[in-house]
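# Inside the fold
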Amino acid sequence: MTEEIQDAGGIPDLPPDEPMLYHWSVALENSLYSAVILFLTVFLPLISMEDTNAPMYALAAYAGLTGFAIYVFYWRWRRTTVTFRENDLHIFRDTLFKQDKKIPYNRIASINVNRGVIDRVLGTSRLMFNINSSVNSVIPEAVVTLRTDLADKIRHDLSRKIYGSNLDAHTEDNVIPSVVSISNRDIILHSFLSQPTVTALTGVFFLGVSIYETYFMMAGGELTAMLILALTFFITFGVIPITVQLIHYYNYKIYRIKDTVYIKCGMIRLYNTSFKVNKINAVRLKSPFLARLMGRSYLEAEVVGLGASDGNEKEITPLMCPLKDRRTIDAVMSQVIPEFVYDRSPVKQPRIAVRTIYARAAVLSLISVAGICSLIYQAVYLEVISSDLSKIFYILSATVVIVFFLHGELSRRIVEMDTGEDHFSFLRGVLDRVLTTVAYDKVQTVRIRDGPLTRPYGLATCRVRLLTASGSAPVVSGYFRAKDLEVISETVLERIKDGRYDYRAYL
Amino acid sequence: MMASEDFAIGEDGLTKDGYRALEKRARAAMYVRSAIILAVSLVICGILLIFYGETGWDRIFLMPVPAVMIILAAYLLISPAIYYARYRYRIEEDRIDVRRGIIFIRHEIVPVERIHQIEVFRGPINNLFGLADVTITTAGGLAHIRHLERGVAEDIADSLNDHINKILKERD
């Protein structure tokens, strides 16, 4: 390591064209994680051995391995440098696994900031650089940890270079208001009501079982396996999804400067996400059942190149507006992403589709009833339930038929599609509805599928694949005439041919 | 969507819409693949039956097994012929168009402009019959043209690569 290399932990200004070390918190954070993992995987198993010397062995092994890990992380930190050059970002690592990575600034799709608990204590930020994805970019191309003031400066200097933003960090953070007023009360409501209905019902069901079992236990019973199971499922399907949403989107703010959208949120870890509008492939207007009853929906975007170092999917499909009324959603659409606003004139599924829908419901009913009846028979045979109780279950299994046919009938009335000049959209869902609006220019492949239940009526379904940030994100239609669906692929090809598609607009 | 007469191949080796069919040996390769899948399925089924016998459970639960195996065997026997008869592909200046399927017929369209990479792949069965698959990579996933005659696959890959390079050069 040469003397010219400077420690980013102590330098407030960006040294141009000079290699610098990451902040030392990288080595500390990695060492702490290793210490915890080694404690669980080495120390605890060793100390529980039936040997009088077990505590000594455990301590020695743990101390030795942790010390080695700390040394490796320190060594790696000392030998990894980042250089912000005139036209590219250069990361060089001179360890056993050598790395020499150059990322041209014009390839960068987004620069995001992520601050965890350790970062907040030590005053550091993680800069995440995402490039335009080829197949996917779930993981950022580079993650650089620096002092917060330096990280902010670099982010803003590069944003100016890449996006043309002229605002400094202070102005941006403190002066620019959110496009729409989103209070933390809205976020709490969003956390509860944006859950898919099936997940919410599952959570409520297991909450009910937990309460019943607890009541039974308090009345003199014992702690049952059912209570533990019900609590586990309640936490998995109820508590965790709500808490994750709440913690992630707390203090939510969204605004747009020129062609860049900025989203800031987070209760414990702070998320600063920014991306160019031309990186949005599709927007999804989602309205789960309960939220829809209250006249609320929320808006998400499908964006290319928004990888998160912690694999947080919420950063890959950023929330453009939490649960709000339609007027607020429209305000966000028109002010933040007017490119995706167009006059829709949707068409419902053709009348003939009812035959396909009912035939499908009949097939699904048959398979489901056969499966359920076989399970009930098995349960009676293994004496899990009594023969009398099984009769009730057999009758209840018939409700599956009603559910499938009701779902089919409702979907016939709800599902629609629309083909505009620059965008097309599909509305799907019965309980939870999703309106997906896609730009033709982002379509990669179009697949039209017909089967035995659709072919006789000239119907088909369409699956469109987009340039994605999360691997594969197909957009699927309902049952429409194959000719109507072929309009999508033909429009994509026509736009390429007549020049309406200009690749430069998406660089 | 194509009616059955739309799959008919004319004297020029093309359908009336200009689609091409696969070589006959592609069908043989599909049969070999089916035979291998059937053999593996029978072995797995046999192991499951032996295991089930050990449990001493009611034999009524075994009733669906022969039915499933008969349906699977019939499917594997018939499907190569149908898949072969319905497999059609067309490569034009602006698009790659593939129609395929047995029960469900899929019509896949890939704009040439969206292609990132072309790969020719030969597995052991295809190798045996002098065939190859062309895998087309786009930013939204993969598309395939399967069981092509090896020379045809190489030609398609070369011409598509040339076309993509031409597009990229024009952009530079």
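Keep in mind that this is a model prediction, so the values were computed, not measured.

Thresholds applied
- Residues numbered from 1 in each chain as written.
- Chains lettered and ligands numbered in written order.
- Predicted model: local features only at pLDDT ≥ 70, side-chain atom pairs only at ≥ 80, totals over all residues.
- Heavy atoms only, no water.
- Helix = DSSP H or I, 4+ residues; strand = E, 2+ residues; numbered from the N terminus.
- Buried < 20%, exposed > 50% of the residue type's maximum accessible area, 1.4 Å probe, protein only.
- Contact = heavy atoms within 4.5 Å.
- Lys, Arg positive; Asp, Glu negative; His and termini not counted.
- Charge placed at Lys NZ, Arg CZ, Asp CG, Glu CD.
- Domains from an automatic or database assignment.
- Buried area = accessible area lost by both parts, 1.4 Å probe.
- Salt bridge = Lys/Arg side-chain N within 4 Å of Asp/Glu carboxyl O.
- Polar contact = N/O pair within 3.5 Å; in protein donor to acceptor, adjacent residues only side chain to side chain.
- Pairing = 2+ DSSP bridges.
- Axes fitted to C-alpha atoms, helices over the stretch in contact; angles between N-to-C directions.
- Expected span 1.5 Å × (residues − 1).
- Patch = residues over 30% accessible without salt bridge, like charges linked within 9 Å, V, L, I, M, F, W, Y side chains within 5 Å.
- Areas by Shrake-Rupley, 256 points an atom, 1.4 Å probe, with all protein chains shown as cover.
- Core = buried A, V, L, I, M, F, W, Y, C linked by side-chain atoms within 4.5 Å.

Of the regular secondary structure elements, chain B holds 4 helices and 6 strands. Ordering the α and β elements of chain B from the N terminus gives α-α-β-β-β-β-α-β-β-α. With the principal axes as the frame, chain B shows a C-alpha extent of 70 × 35 × 30 Å. Relative to its 172 residues, chain B shows a buried fraction of 38%. Put simply, 46% of the contacts in chain B that link residues at least 6 apart link residues at least 24 apart. Placing the 21 positive and 23 negative side-chain charges of chain B at their respective mean positions leaves the two points 4 Å apart.

All names here are of chain A. Annotation of chain A at the domain level lists domain 1 (1-97), domain 2 (353-414) and domain 3 (432-506). Between the C-alpha centres of domain 2 and domain 3 there is a distance of 33 Å. At the junction of the two partners, domain 2 supplies 7 residues and domain 3 supplies 6 residues. Between domain 2 and domain 3, a total of about 650 Å² is buried, with carbon and sulfur atoms accounting for 75% of that surface. Across the domain 2-domain 3 interface, the total number found is 0 salt bridges. The interface formed by domain 2 and domain 3 includes 2 residue pairs in polar contact (both at pLDDT 80 or more).

Across the contact, 27 residues belong to chain B and 36 residues belong to chain A. Buried surface at the junction of chain B and chain A, both sides included, amounts to about 3,000 Å², of which 55% is carbon and sulfur. Put simply, chain B and chain A have 9 residue pairs in polar contact (both at pLDDT 80 or more) between them. Elements that contribute at least two residues to the side of chain B that touches chain A include exactly β2 (95-101), β3 (105-111) and β5 (131-138) of chain B. Per-element tally for the side of chain B that touches chain A: the top contributor is β3(B), with 7 residues.

Turning our eyes to something else, we now look at the sheet that holds β5(B). All names here are of chain B. Pairing within the open sheet is antiparallel, and its 3 strands lie in the order β4-β5-β6. Of all the strands in the sheet, the pair left with one neighbour each is β4 (115-121) and β6 (141-149). Here the strands of the sheet are splayed against their neighbours by 20 degrees on average, with no regard to which way each runs. Pairing geometry for β5 and β6, over 7 bridges, is antiparallel. Each bridged residue has a counterpart across the sheet, and for Ile136 the counterpart in β6 is Ala143. Along the sheet face, helix α4 (residues 150-171) touches β4, β5 and β6 and points at about 160 degrees away from the line of β4.

Residues and elements named next belong to chain A. Judged by pairing direction, the sheet is antiparallel, and its 7 strands sit side by side in the order β14-β13-β12-β18-β17-β16-β15 without closing on themselves. The sheet terminates laterally at β14 (319-325) and β15 (347-348), the two strands that pair on one side only. In this sheet, strand β16 (residues 416-419) lies alongside β15 in antiparallel orientation, the contact comprising 2 bridges. Bridge pairing links Lys348 to Glu416 in β16. Against the sheet, helix α11 (residues 326-336) touches β12 (280-287), β13 (296-303) and β14, its axis set at about 150 degrees to β14.

Turning our attention to the side chain of Ser191(A). Tracing the chain through its elements places Ser191(A) in helix α6 (residues 184-193). With near-sequence residues (within four places) excluded, Ser191(A) lies in contact with Ile242(A), Gln245(A) and Leu246(A).

Residue and element names in this part refer to chain B. With respect to the secondary-structure elements, Val65 resides in helix α2 (residues 64-86). Taking the C-alpha atoms as reference, Val65 lies 32 Å from Arg146; in sequence the two are 81 residues apart. When sequence neighbours within four positions are dropped, the list of residues in contact with Val65 reads Cys45 and Leu49.

Let us now look at helix α13 (residues 387-414) of chain A. Residues and elements named next belong to chain A. Taking 1.5 Å as the rise per residue, α13 with 28 residues should run 40 Å; its terminal C-alpha atoms sit 41 Å apart, in good agreement. Turning to α13, its buried residues are Ser390, Ser397, Val400, Gly408, Glu409, Ser411 and Ile414. In this fold, the buried residues of α13 make contact with β15, α12 (353-381), β16, β17 (423-428) and β18 (433-439).

On to a negative patch on the surface, then. Together, Glu154(B), Asp155(B), Asp158(B) and Asp162(B) give the surface a local cluster of negative charge. Relative to the helices and strands, Asp162(B) resides in helix α4.

This part takes up the nonpolar core. Membership of the largest hydrophobic core comes to 36 residues, with the highest contact counts inside it found for Tyr252(A), Val261(A), Ile280(A), Leu299(A), Met320(A) and Ile337(A). Residue assignment for this core shows that the elements contributing at least two residues are α6, β10 (260-265), β11 (270-276), β12, β13, β14, α11 and β18 of chain A. Look past the residues within four positions of Ile337(A) in its chain and what remains in contact with it is Arg256(A), Val277(A), Ile280(A), Val283(A), Leu299(A), Met320(A) and Val332(A). Counting 26 residues, the second-largest nonpolar core is a separate cluster that includes Ala26(B), Ile115(B), Ala153(B) and Ile164(B).

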